[in-house]
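# Structural description and commentary
Here's the letter readout for the chains.
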Amino acid sequence: MNYGEFGGQYVPQELKEKLNEVEKEFLSAKEDEEFMKEYRYYLKQYAGRPSPLYYAENLTNHLGGAKIYLKREDLNHTGAHKINNALGQALLAKRMGKTHIIAETGAGQHGLATATVCSLFNMKCTIFMGEVDVKKQNTNVQKMRLLGAEVVEVKEGERTLKEAVDVAFEYFLKHMDCFYLIGSSVGPSPYPEMVKFFQKVIGEEAKQQILEQENKLPKALIACVGGGSNSIGLFNDFIEDKDIDIYGVEGAGKGTDVGKHASAIYNNKIGIIHGMKTYVMEDENGKIQDAYSISSGLDYPGIGPEHAYFHKTGRVKYDSITDKEALDAFKLLTRIEGIIPALESSHAIAYGIKIAPKYNKNDCIIINLSGRGDKDLETVLSETPSKSTTNA
Ligand SMILES: Cc1ncc(COP(=O)(O)O)c(C=O)c1O
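In this report, we go over the structure that sits alongside the text. Predicted, not measured: the structure shown is a model, and the values here were computed from it.

## Thoughts on the pattern of salt bridges
Counting across every chain of the model gives 27 salt bridges. Measuring nitrogen to oxygen at the nearest pair gives 3.8 Å for the salt bridge that ties Lys-30 to Glu-31. By relative accessible area, which is 26% here, Lys-30 ends up partly exposed. A single salt-bridge network, built from bridges that share partners, covers Glu-131, Lys-135, Glu-153, Lys-155 and Arg-159.

## Brief notes about the packing of aromatic side chains
Summed over the entire model, instances satisfying the criterion amount to 15 aromatic pairs. Summarising the aromatic geometry, the rings of Tyr-42 and Phe-121 are spaced 5.3 Å apart at their centres and angled 90 degrees between planes, so their arrangement reads as edge-to-face. Here Tyr-42 is found in helix H2 (residues 33-45), whereas its partner Phe-121 is found in the loop between helix H5 (109-120) and strand E6 (124-130), with 79 residues between them in sequence. Residue classification places Tyr-42 among the buried positions, given a relative accessible area of 17%. Judged by centre distance (5.1 Å) and plane angle (80 degrees), the ring pair of Phe-169 and Tyr-180 falls under edge-to-face. Here Phe-169 is found in helix H8 (residues 161-174), whereas its partner Tyr-180 is found in strand E8 (residues 179-180), with 11 residues between them in sequence. Tyr-180 matches Phe-169 in its accessibility class, with the two residues each being buried. Among the aromatic side chains, those forming a connected cluster through ring pairs are Phe-26, Tyr-39, Phe-197 and Phe-198. Just above the ring of Tyr-292 sits the side chain of Lys-260; from NZ or CZ to the centre is 4.8 Å.

## Some points on the sheet that holds E6
The sheet built from four strands is open, its strands ordered E7-E6-E5-E8 with parallel pairing. Edge positions in the sheet fall to strand E7 (150-154) and E8, since each of these pairs with one other strand and no more. Across six bridges, the pairing between strand E5 (residues 100-105) and E6 is parallel. Each residue of the ladder has a partner; that of His-100, found in E6, is Lys-124. Strands in contact with H5 are E5 and E6; relative to E5, the strand with the most contacts, it is inclined by about 165 degrees.

## As for the layout of surface pockets
Taken as a whole, the largest pocket holds about 240 Å³ of empty space. Looking at the lining of the largest pocket, the elements with two or more residues in it are H2 and helix H10 (201-214). Looking at the lining of the largest pocket, the element that brings in the most residues is H2, giving five residues. Within the lining of the largest pocket, the residues separate by chemical class into six nonpolar, no polar and six charged. Built from parts of two domains, the lining of the largest pocket gets at least three residues from each of domain 1 (2-44 + 82-196) and domain 2 (50-79 + 201-382).

## Observations regarding a nonpolar patch on the surface
Together, Ile-340, Leu-377 and Leu-381 make up an exposed nonpolar region whose accessible area comes to about 250 Å². By relative accessible area, which is 39% here, Leu-377 ends up partly exposed.

## Details of helix H1 (residues 13-29)
With 17 residues, H1 extends 24 Å from end C-alpha to end C-alpha; this agrees with the ideal 24 Å at 1.5 Å per step. Those residues of H1 lying buried are Leu-15, Lys-18, Leu-19, Val-22, Phe-26 and Ala-29. Take H1 and look down its axis: the buried residues cluster within an arc of 95 degrees, on one side only. In this structure, the buried residues of H1 make contact with H2, helix H4 (82-95), H8, E8 and helix H9 (191-199).

Analysis parameters
- Residues numbered from 1 in each chain as written.
- Predicted model: local features only at pLDDT ≥ 70, side-chain atom pairs only at ≥ 80, totals over all residues.
- Heavy atoms only, no water.
- Salt bridge = Lys/Arg side-chain N within 4 Å of Asp/Glu carboxyl O.
- Buried < 20%, exposed > 50% of the residue type's maximum accessible area, 1.4 Å probe, protein only.
- Phe/Tyr/Trp six-rings, centres within 6.5 Å; stacked < 30°, edge-to-face > 60°.
- Helix = DSSP H or I, 4+ residues; strand = E, 2+ residues; numbered from the N terminus.
- Lys NZ or Arg CZ within 6 Å of the ring centre and 35° of its normal.
- Pairing = 2+ DSSP bridges.
- Contact = heavy atoms within 4.5 Å.
- Axes fitted to C-alpha atoms, helices over the stretch in contact; angles between N-to-C directions.
- 1 Å grid on protein atoms, 1.4 Å probe; cavity = no way out; pocket = protein on both sides within 12 Å on 5 of 7 lines; lining within 4 Å.
- Points joined across faces, edges and corners; volume = space filled by probe spheres on them.
- Nonpolar A, V, L, I, M, F, W, Y, C, P; charged D, E, K, R; others polar.
- Domains from an automatic or database assignment.
- Patch = residues over 30% accessible without salt bridge, like charges linked within 9 Å, V, L, I, M, F, W, Y side chains within 5 Å.
- Areas by Shrake-Rupley, 256 points an atom, 1.4 Å probe, with all protein chains shown as cover.
- Expected span 1.5 Å × (residues − 1).
- Arc of directions from axis to C-beta.

Below, the structure is given as structure tokens:
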């Protein structure tokens, strides 16, 4: 499946055949009422959906602009939106008779969700994770191991998410009998479409919930973008509502101007990464550059192909938030609402803090709170001088 010029299947022929098998099964499963019934059953009874749409009154009053609603994906089982997609793809793998699942992970949330569904469906699980992220997100690594997953530390390159995906693909090429459960709306077709399909429940619920609570649609939507799964999940059902402003927020790291960032859109360069054509951080010789963000889940040099299409067509505005802005938003939301957000989600909150005052008090905006911050406490505390830790 292509999105304008973006997407596609830039992979070796033998992998194309495997991907086409997955696509065929996916297209039949999504039309199969029994499959969808089982998927919805696990979303509700296992993951805890629907997730609430919470009116953040304190944050709204503090900022003095539009009413801010938070879509609480942090309250899902395993603490993030990743479980929606992991359940869907694991059910598909089961339907295909697969018994071994592999996955990449950055922040560990997708690895944790995958290890969890593998326990649930009694499947073997191998997770590839960069050595840097293994250290940074150690709680999630411990949880994955407790769940019975093998966590393979990837020591190549920057030792973060990009290399974890590289090695997962290499493994998949050698072991094509396993099922590669990709965690974001990236990779060769049919993954971006499949991940969106299993994440679009976020936006479907949010639309119904905002209509119930406000009797009108929001003026704006905001979500952070690593590969782009929580964002595409929220945006999908609102894309045709042309009056709604939609914002995708990448990691600006230490600043896009100093070059240490994770904004694939920033340099406006189109290339190939992980089997898809999209915007990618690459130098003038076409070499992929190292991405950097304080948040492991945003630390990725590409962006999902549908986001590339939305950027090119102007339907979604992509911007970025620095580590410092995200940390400040993390602390503000924690103190003012009693909700500790994931560092990834803190980027979306920070962007909301910037733009909410520009909207009218009668307007409302929805921010996707993609995950909870338990995994990030060490990172946040190490970035916070001890004096301000107690008073932050
Ligand atoms: C809580 C959370 N939010 C967002 C992301 C970014 O991924 P995506 O852009 O696929 O939603 C991650 C990735 O690990 C995550 O853990």
